[in-house]
Amino acid sequence: MRPFKSIRARLVLAAALTLGLARIAEAAIIRTWISTASLSVAGFGHDVALSPANDAVYVAGQRQGQFYVGKYSVADGSVMVEYSTTTGYALGVGVGALGQVGVIGGILLSSWTYVVAADTTTMTSSYTVTRSSLAYAISILDPAQLKPIAGWPVYTTGYYDLDSVSTTNFRASAAFDATGNLFVGFNASSTTAVIRKYSGSGAQIGADVTISSSPYIYFEQLAVDTTTIPSKIYSIVEAPRQIQINAYNNDLSAFAGPLFKPWSGTDVGRRQSITVGANRVITGGQKYDNVTNPINPYYTWAQQIDRNLATNSSQMSYQFATAVGGNSSFGLAQRPPGCGAYYSVGDSTGVWVGLFDGALNYTNVRYYDVATALRGNAIVAAASREVYVTGRTKAGFLFVSRFDDNSCGYSAPPPPQPCTVTPSAFPNPFKLGRDSVKIQYDLLPGVVNAAVPPDVTLSIYGPDGALVKTMTNLPRARFNTVWWDGRNNQSALVRAGNYDATLKISVNPQPGPVCRSLIRMGAR
């Protein structure tokens, strides 16, 4: 499907100039596409996540009233595959370093009637209860077909405010660590939020972490620092008149925090977000203060802190989110160190995508989509200079958009990376009947430390493209060596020529992502 940008972009710019927003023409945030396929069915997007290879963006949300996950091409927004199931909402989605897709959402078995399960694994012996409870479905999906893999989904009970269905403030979060474990966060009751860890096979690991506050608490988001093994986990919740940030080890024991950020005066918090990157954690969100400014009381804020939650790298920055009001939403993603962060805000006036600078001051460099009249959730996930936003149009349709950032020294996005460092062969070329080829390959830490080890296979193809040799069950350590003696599967010497060997890493549980690397060898 072709990018939806040329005519639409002119309309947006014309509308912006009409509104006196000529600065958009100079903005560093430029919309590359809005997926026309996502605009065809009623629904909304709640969360977005990127594949490790940056070739697909996954969207969690609702379509035609059903729990929905979609996989979209980063090139043009075309639909690659979609998955929907029973009535409900997919609320959080995460993609692991090995390509796993984790999702959490609320399942509604009938209109405004929710379920508590006596057996929270199989949903047997279930019974309906009051409107304030629902069943959370938690799953790992096959990234190719977006269907639950063996052992998933699992179910648990939770809580939400009924009004949150219409205002899209109901949140849950899912993210993987570097070794393939899934972490989820959600509201377990009106006064407790829960963070939980699962293995790749669907078994809960350890006990829940519970964060409590009275008379209410709202779980907002969790983020996993995958730059370390074992990974660290961060969470942000909203409690009465303050934000609470916590940091956990991989076993969910606390290693820092809680860090509290109280609201002052008449401030009221709204949607909040957290993201973790190199040597820093960035938090942000919205607040409402109609006493200080009754005409435009909506603010965005951001704060940069270190990963031990001890030192503020920059002060809290409150600035107006101009022209944003009503039941708005907020998303946050990191830019490279020194470049600040992306934010997105959506409400009845449209969607804003913009920047906090390196000191986390709100900047005027932003994109305001008024022609499409988007609103609702506006959540970003960034990869290099790409920014992805999802939500709902004013007409009530799901939307997914990509924006590109041409500021702060960005270069083009890096090419997709395989699961392994490029393998090598020596000697190359080699002498048939005399030499054996030494083939070396390295597996990345996320593959080596996966909960379920990968399958490693080497397939060698002759000059005519025919398969001549297959080696299976190869070593899967960090650094590996295998030998080929120049013989085919029938133990006969191959003929002279060029041979292509494909190293294939199949990441379990199956079906999982398959990564390939090519070696060219000469036989003489």
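Here we come to the overall build of the chain. Each helix and strand in the chain was counted, giving 3 helices and 36 strands. With 524 residues in all, the chain has 55% of them scored as buried. Residue pairs at least 24 apart in sequence account for 54% of intrachain contacts in the chain once pairs closer than 6 positions are excluded. Accessible surface computed for the chain: about 20500 Å², of which carbon and sulfur atoms make up 52%.

Taking strand neighbours across the sheet as the criterion, the 4 strands line up as S11-S12-S13-S14 in an open arrangement whose pairing is antiparallel. The open sheet has two edge strands, strand S11 (173-176) and strand S14 (209-212), and neither has a second partner. Strand-to-strand twist in this sheet, taken as the mean axis angle between neighbours without regard to direction, amounts to 15 degrees. In this structure, S11 lies alongside strand S12 (residues 182-187), joined through 4 bridges in antiparallel fashion. Paired with Ser 173 across the two strands is Gly 185, which belongs to S12.

Before going further, it helps to spend a moment on the nonpolar core. With 25 residues, the main nonpolar core has Ile 439, Leu 458, Ile 460, Leu 474, Trp 484 and Met 521 as its most contacted residues. Of all the secondary structure elements, the ones that give two or more residues to this core are strand S31 (437-443), strand S32 (455-461), strand S33 (467-471), strand S34 (479-484), strand S35 (497-506) and strand S36 (514-523). With sequence-adjacent residues up to four places away left out, Leu 458 is seen in contact with Ile 439, Lys 469, Thr 470, Met 471, Leu 474, Val 482, Ala 501, Thr 502, Leu 503 and Ile 519. Counting residues in each nonpolar core, the second largest holds 18 residues, with Phe 44, Tyr 89, Ile 138 and Ala 174 among its members.

Bringing the environment of Tyr 368 into the picture now. Summarising the element assignment, Tyr 368 is placed in strand S26 (residues 362-369). Along the sequence, Tyr 368 and Val 345 sit 23 residues apart, while their C-alpha atoms lie 9.7 Å from each other.

Residue-level pLDDT values for the chain average 75, and 73% of them are 70 or greater. Predicted confidence is poor over residues 127-132, with pLDDT under 50, and the contacts of this stretch with residues over four places away or in other chains come to 17 contacts.

The next point concerns the side chain of Ser 73. Mapped onto the elements, Ser 73 comes out in strand S4 (residues 66-73). Among the polar contacts made by the side chain of Ser 73, one reaches the main-chain amide nitrogen of Ala 75 at a distance of 3.1 Å. Leaving out residues up to four positions away in the same chain, Ser 73 has contacts with Trp 33, Asp 55, Ser 78 and Met 80.

Using the criterion set out here, one finds 9 aromatic pairs in the structure. Here the aromatic rings of Trp 152 and Tyr 198 are separated by 5.6 Å at their centres, their planes lie at 65 degrees, and the arrangement is edge-to-face. With Trp 152 in the loop between strand S9 (133-141) and strand S10 (154-159) and Tyr 198 in strand S13 (residues 192-198), the pair connects residues that are 46 residues apart, well separated along the chain. Under the relative-accessibility criterion, Trp 152 is labelled buried at 7%.

Opposite charge on two side chains permits pairing when their charged atoms draw close. In this structure the tally under the stated criterion is 6 salt bridges. Residue Asp 208 is joined to Arg 196 by a salt bridge in which the shortest nitrogen-to-oxygen separation is 2.7 Å. Residue Asp 208 is found in the loop between S13 and S14, and its partner Arg 196 is found in strand S13; the two are separated by 12 residues along the sequence. Salt-bridge contacts for Arg 335 lead to Asp 405; the nearest nitrogen and oxygen are separated by 3.1 Å. Remark: Asp 405 occurs in strand S29 (residues 398-405) and Arg 335 occurs in the loop between strand S23 (329-334) and strand S24 (341-347); sequence separation between them is 70 residues. Taken as a pair, Arg 335 and Asp 405 share a single burial class, namely buried.

Another aspect to go through is unusual backbone geometry. Most peptide bonds adopt trans geometry, and most residues besides glycine take a negative phi value. With an omega of 10 degrees, the peptide bond between Ser 214 and Pro 215 qualifies as cis. Structurally, Pro 215 can be placed in the loop between S14 and strand S15 (218-225). The amide bond that connects Gly 257 to the next residue, Pro 258, takes the cis arrangement and shows omega of 5 degrees. Even without a glycine there, the phi angle at Gln 64 is positive, about 50 degrees. Structurally, the position occupied by Gln 64 is in the loop between strand S3 (56-63) and S4. Judged by its relative accessible area of 63%, Gln 64 is exposed. If you check the backbone angles, Asn 473 has positive phi at about 55 degrees while not being a glycine. If you trace the backbone, Asn 473 turns up in the loop between S33 and S34. For Asn 473, a relative accessible area of 71% puts it in the exposed group.

Reading the values: rules and limits
Residues numbered from 1 in each chain as written. Predicted model: local features only at pLDDT ≥ 70, side-chain atom pairs only at ≥ 80, totals over all residues. Heavy atoms only, no water. Helix = DSSP H or I, 4+ residues; strand = E, 2+ residues; numbered from the N terminus. Buried < 20%, exposed > 50% of the residue type's maximum accessible area, 1.4 Å probe, protein only. Contact = heavy atoms within 4.5 Å. Areas by Shrake-Rupley, 256 points an atom, 1.4 Å probe, with all protein chains shown as cover. Pairing = 2+ DSSP bridges. Axes fitted to C-alpha atoms, helices over the stretch in contact; angles between N-to-C directions. Core = buried A, V, L, I, M, F, W, Y, C linked by side-chain atoms within 4.5 Å. pLDDT = per-residue confidence, 0-100. Polar contact = N/O pair within 3.5 Å; in protein donor to acceptor, adjacent residues only side chain to side chain. Phe/Tyr/Trp six-rings, centres within 6.5 Å; stacked < 30°, edge-to-face > 60°. Salt bridge = Lys/Arg side-chain N within 4 Å of Asp/Glu carboxyl O.

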